[in-house]
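Listed below, chain by chain, are the residues.
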Amino acid sequence: MKPFIIAVLMLNSVVMIAQQKTISRKELLKTALDQKVTSTEIQEITMAAGQGAPKHLHPCPVLGIINSGEAFFQIEGQEKVVLHTGEAFYEPKNVKILHFDNASTEKPLVFTAIYLKEGNEENIKFIK
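Residues numbered from 1 in each chain as written. Predicted model: local features only at pLDDT ≥ 70, side-chain atom pairs only at ≥ 80, totals over all residues. Heavy atoms only, no water.

**Details of the nonpolar core**
Among the nonpolar cores identified, the biggest contains 15 residues, and Ile-66, Phe-73, Leu-83, Phe-89, Phe-100, Leu-109 and Phe-111 are the most heavily contacted of them. Looking at this core, the elements with two or more residues in it are strand E3 (62–68), strand E4 (71–75), strand E7 (97–102) and strand E8 (109–117). If we skip the residues at most four places from it in the chain, Leu-109 touches Ile-45, Thr-46, Met-47, Ile-66, Ser-68, Gly-69, Glu-70, Ala-71, Phe-100, Asp-101 and Asn-102. (Core = buried A, V, L, I, M, F, W, Y, C linked by side-chain atoms within 4.5 Å. Buried < 20%, exposed > 50% of the residue type's maximum accessible area, 1.4 Å probe, protein only. Helix = DSSP H or I, 4+ residues; strand = E, 2+ residues; numbered from the N terminus. Contact = heavy atoms within 4.5 Å.)

This is the structure:
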């Protein structure tokens, strides 16, 4: 009986180790870029509760992910959407961003922005 119990415990350990080594992938965003990327800049950005970004554009494409909170997001010519924690977004090069606003009046919005640069472009240009 002892060898059977030892074998079961060993098999259970192997299964647990195999489960811990499983890698899972979830596609968040897939987009084509029409430029050569020579450098990147990655920033974590925090917006206060209720804060909105002014209308702006980016001289380079921007990829991002919402780390916590929710954002109202609207690219010119598209519908306004709500981005939730864990969702990714894409801001095309030289296209007006009408809304990137914290959707909460109580909690901060935290997101990561990845700027894909060809040269030494600015990250953002505000539109008056």
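**Considerations on the environment of Phe-100**
Relative to the helices and strands, Phe-100 is located in strand E7. In the structure, Phe-100 is positioned 18 residues away from Val-82 in sequence and 9.5 Å away in space, judged by C-alpha atoms.

**Quick word on the packing of aromatic side chains**
Scanning the model with the defined rule gives five aromatic pairs in all. With a centroid separation of 5.7 Å and 55° between ring planes, the pair formed by Phe-73 and Phe-89 is classed as tilted. Placement of Phe-73 in strand E4 and of Phe-89 in strand E6 (residues 88–91) is noted, with a sequence separation of 16 residues between them. Taken individually, Phe-73 and Phe-89 each receive the classification buried, so the pair is uniform in this respect. When the ring of Phe-73 is compared with that of Phe-100, the centres are 5.6 Å apart and the planes differ by 70°; the resulting orientation is edge-to-face. Placement of the pair is Phe-73 in strand E4 and Phe-100 in strand E7, with a sequence separation of 27 residues. As far as burial versus exposure is concerned, Phe-73 and Phe-100 are alike and both buried. Stacked on the ring of Phe-72, the Lys or Arg Lys-80 has its end atom at 5.3 Å from the ring centre. (Phe/Tyr/Trp six-rings, centres within 6.5 Å; stacked < 30°, edge-to-face > 60°. Lys NZ or Arg CZ within 6 Å of the ring centre and 35° of its normal.)

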